[in-house]
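Spelled out, the chains give:
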Amino acid sequence: MSAILNLLGTLKTALAASAIAVSDSFDPAPFERRKPPRYLVLGVGKINSTPPKITADGTIYPLEVGISLSLYDLPDADANSMIACLEDEILGRLLDAGIAPVQMQIAPVCYDRTTDKRLLRAELTLACGYQRKAAAV
């Protein structure tokens, strides 16, 4: 579904102006090659759909897409600064780009042994749509 890749591209574009390196969970680069001390990984989770709407241009499938945000920082990073970064640098930029979550859940900051980093996870639910163009007659 290109709608999901388009959504990830839109999210990455919205976050490009921040000082945080952004990649998605489909990025084949190993974590060791992600050099910045603070970086964000975007992922796609649960997708819900409601009945399609048929228009003259085609069919629109309303979707709710679960997006995971995993913010990694140095092992001694302060949890308050990570939460402030999530709020200001990430969520603020998404809102400025017109991407408004309909639901959000933030987990406590923890230590991730795999990456030797502090980790702050947030789960967002975004409303969007997938459109299939009407067949030319």
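Every chain's residues receive numbers from 1 upward, in the order its sequence appears when written. Under the rules for a predicted model, residues below a pLDDT of 70 receive no local features and side-chain atom pairs below 80 are neither given nor counted, while totals for whole chains, interfaces and linings still include all residues. Only hydrogens and water are set aside when side-chain values are computed; all heavy atoms of the structure are taken into account.

A.B. asks: Honestly, the overall build of the chain in this entry has me stumped. Any pointers?
C.D. replies: Along the chain, the regular secondary structure elements total two helices and seven strands. Mapped in sequence order, the helices and strands of the chain form the string α-β-β-β-β-α-β-β-β. Under the scheme applied here, a residue whose accessible area is under 20% of the maximum for its type counts as buried, over 50% as exposed, and between as partly exposed, the area being computed with a 1.4 Å probe on protein chains only. The proportion of buried residues among the 137 residues of the chain is 36%. Intrachain contacts of the chain at a sequence separation of at least 6 include 61% that bridge at least 24 residues. Only carbon and sulfur atoms are counted for the fraction: they give 53% of the accessible area of the chain, which is about 8,300 Å². Going along the chain from the N terminus, every DSSP run of H or I of four or more residues is numbered as a helix, and every run of E of two or more is numbered as a strand. Any pair of residues with heavy atoms lying within 4.5 Å of one another is described as a contacting pair. Note that accessible areas follow from Shrake-Rupley with a 1.4 Å probe, and for residues the cover is restricted to the protein chains shown.

A.B. asks: Any chance you could explain the pairing of strand β7 (residues 117–133) here in plain terms?
C.D. replies: The side chains of a regular strand alternate, residue by residue, between the two faces of the sheet. Any two strands with at least two DSSP-identified bridges between them are counted as paired. Note that strand β4 (residues 58–73) and β7 share 16 bridges and pair antiparallel. Considered in β7, the bridge of I60 is made with Q131. Alignment of strand β5 (residues 101–106) against β7, held across five bridges, turns out to be antiparallel. From the neighbouring strand, P101 faces β7, where its bridge partner is L126.

A.B. asks: Help me out: how do you make sense of helix α2 (residues 79–96) in this one?
C.D. replies: The α-helix winds at 3.6 residues per turn, so residues separated by three or four positions along the chain end up facing the same way. Here the expected span of a helix is defined as 1.5 Å times the quantity of residues minus one. In this model, α2 (18 residues) spans 24 Å end to end at C-alpha, consistent with the 26 Å of a helix rising 1.5 Å per residue. To get the bend at a given residue, fit one axis to the seven residues ending there, fit another to the seven starting there, and take the angle between those axes. In the structure, α2 departs most strongly from a straight axis at C85, where the bend amounts to approximately 25°. Of all the residues in α2, the buried ones are M82, C85, L86, I90, L91, G92 and L94. Once α2 finishes, G98 follows within two positions and takes phi at roughly 85°, a positive value.

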